[in-house]
Amino acid sequence: MDDSRETHGVNAFVTGYPIRHSRSPLIHGYWLKQLGLAGSYRAHEVPVEEFAAFISSLKDGESGFVGGNVTIPHKELAFKLSDRPDELSRELGASNTLWLQDGLLHATNTDGRGFTANLDERHPSWDQSDRAVILGAGGASRAIIQAVRDRGFKEIHVVNRTVERAQELANRFGERVHAHPMAALGEVISGAGLFINTTSLGMDGEAAPRIDFSPLAEAAVVTDIVYIPLKTPLLTQAEEQGFAIVDGLGMLLHQAVPGFEKWFGTRPAVDETLRALIIADMDKH
Ligand code: ATR
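Residues numbered from 1 in each chain as written. Predicted model: local features only at pLDDT ≥ 70, side-chain atom pairs only at ≥ 80, totals over all residues. Heavy atoms only, no water.

Participant: A description of the domain arrangement of the protein should follow, citing residues and the corresponding values.
Facilitator: Split into domains, the protein comes out as domain 1 (3-110 + 256-284) and domain 2 (112-250). For domain 1 versus domain 2, the distance between C-alpha centres works out to 27 Å. Taken together, the 16 residues of domain 1 in the interface contact 18 residues of domain 2. Both faces considered, domain 1 and domain 2 share a buried interface measuring about 1,400 Å² in area, 47% of it formed by carbon and sulfur atoms. The salt bridge partner of Asp247 is Arg275, with a shortest N-O separation of 2.8 Å. The tally of links between domain 1 and domain 2 comes to 11 residue pairs in polar contact (both at pLDDT 80 or more). Listed by contribution, the elements that provide at least two residues to the side of domain 1 that touches domain 2 are α5 (87-92) and α13 (272-284). (Domains from an automatic or database assignment. Contact = heavy atoms within 4.5 Å. Buried area = accessible area lost by both parts, 1.4 Å probe. Salt bridge = Lys/Arg side-chain N within 4 Å of Asp/Glu carboxyl O. Polar contact = N/O pair within 3.5 Å; in protein donor to acceptor, adjacent residues only side chain to side chain. Helix = DSSP H or I, 4+ residues; strand = E, 2+ residues; numbered from the N terminus.)

Participant: I'd like a description of the nonpolar core, backed by residues and values.
Facilitator: Proteins that are soluble and globular tend to have nonpolar side chains buried together. Phe115, Ile144, Val148, Leu194 and Ile196 are the most contacted members of the largest nonpolar core, which has 27 residues in total. Elements that contribute at least two residues to this core include exactly α6 (111-122), β7 (131-135), α7 (139-151), β8 (155-160), α8 (163-173), β9 (177-181) and β10 (194-197). In terms of residue count, α7 provides more of this core than any other element does, 5 residues in total. Counting 21 residues, the second-largest nonpolar core is a separate cluster that includes Val14, Tyr30, Tyr41 and Phe260. (Core = buried A, V, L, I, M, F, W, Y, C linked by side-chain atoms within 4.5 Å. Buried < 20%, exposed > 50% of the residue type's maximum accessible area, 1.4 Å probe, protein only.)

Participant: Describe in detail the site of the ligand, supporting the description with residues and values.
Facilitator: Inspection of the region around the ligand gives 13 residues, with Ala137, Asn160, Arg161, Thr162 and Arg165 positioned closest. Within the contact set of the ligand, an oxygen atom lies 2.9 Å away from a backbone nitrogen or oxygen of Ala137. Between the ligand and the protein, one listed contact pairs an oxygen atom with a backbone N or O atom of Gly139 at 3.0 Å. Here the ligand loses 67% of its free accessible area of 640 Å² to cover by the protein chains. A breakdown of the residues in the shell around the ligand according to their chemical character gives 4 nonpolar, 7 polar and 2 charged. (Near = heavy atom within 4 Å. Areas by Shrake-Rupley, 256 points an atom, 1.4 Å probe, with all protein chains shown as cover. Nonpolar A, V, L, I, M, F, W, Y, C, P; charged D, E, K, R; others polar.)

Participant: So what's going on with the pairing of strand β11 (residues 221-224)? Residues and values would help.
Facilitator: Alternating positions in β11 separate into two faces, Val221 and Thr223 on one and Val222 and Asp224 on the other, with burial throughout. As paired elements, β10 and β11 share 4 bridges and run parallel to each other. The residue bridging Leu194 from the neighbouring strand is Val221, located in β11. As defined by bridge partners, β11 adjoins strand β12 (residues 244-246) across 3 bridges and the pair is classed as parallel. Along β12, the bridge assignment pairs Val222 with Ile245. (Pairing = 2+ DSSP bridges.)

The following block contains the structure:
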């Protein structure tokens, strides 16, 4: 990014700790170039103890940023310190996208929109059943539960090794959400049209447990929010067992769209060239 762009364009950030592995600068940099916009988007590492000061400098305009993305471990604090968190982030208690508007710091969470937009693009009939199963009850599963509920699924079954964590989420997200221990997996997937892995199982080439997906509905789709590797062991198993699969990379790409539009004023498109760019970068590391 050259200096004139930094000075005359609009500047946005992605912050986290650590942040150097974030692919967000690649995504937003691709769009800025494609759209010919004079702006910048860069990784800005902030340790936890300095995060509140960073948000203050953002609010008073000293940082020079109009907004940005927030990732682990700052999402909860970003929500708490923002002036105008929207309804989505209030329910989640976490925000990943911030922008200044009329002197106030607004916040939302775009993970759920990234999830649904990815499935809308790759498997448009994904929302045509009543029953969804979500494996995992960590931070990443919250936005997914919210998105699946808001799309209208009647029964959402959250299965987790530590059932208490699943129960907490069932309590938080309402009566359509049910909690189960791992041992119940075979039973609860029966007839489900959507299966989502939100756990780290199978990430970075680690072995994953064998899952018998056969009780799923025949037209079911299986998806994973892990995208390294692109085809996770769970997706490989589901495909071998005859089910449609959708990888998680599109969620990463689509969750970036609303922020870009807020900061730079143009809605960018998720296209195959962008996808190929990120895949090539994943192959490097
Ligand atoms: P994140 O915020 O990325 O979701 P997390 O909060 O650490 O990360 O949650 C990780 C999820 O993966 C949890 O649902 C975790 O199950 P527990 O709540 O029982 O810890 C799940 N997970 C991680 N390793 C697992 C394993 N070996 N077997 C089953 N579940 C696992």
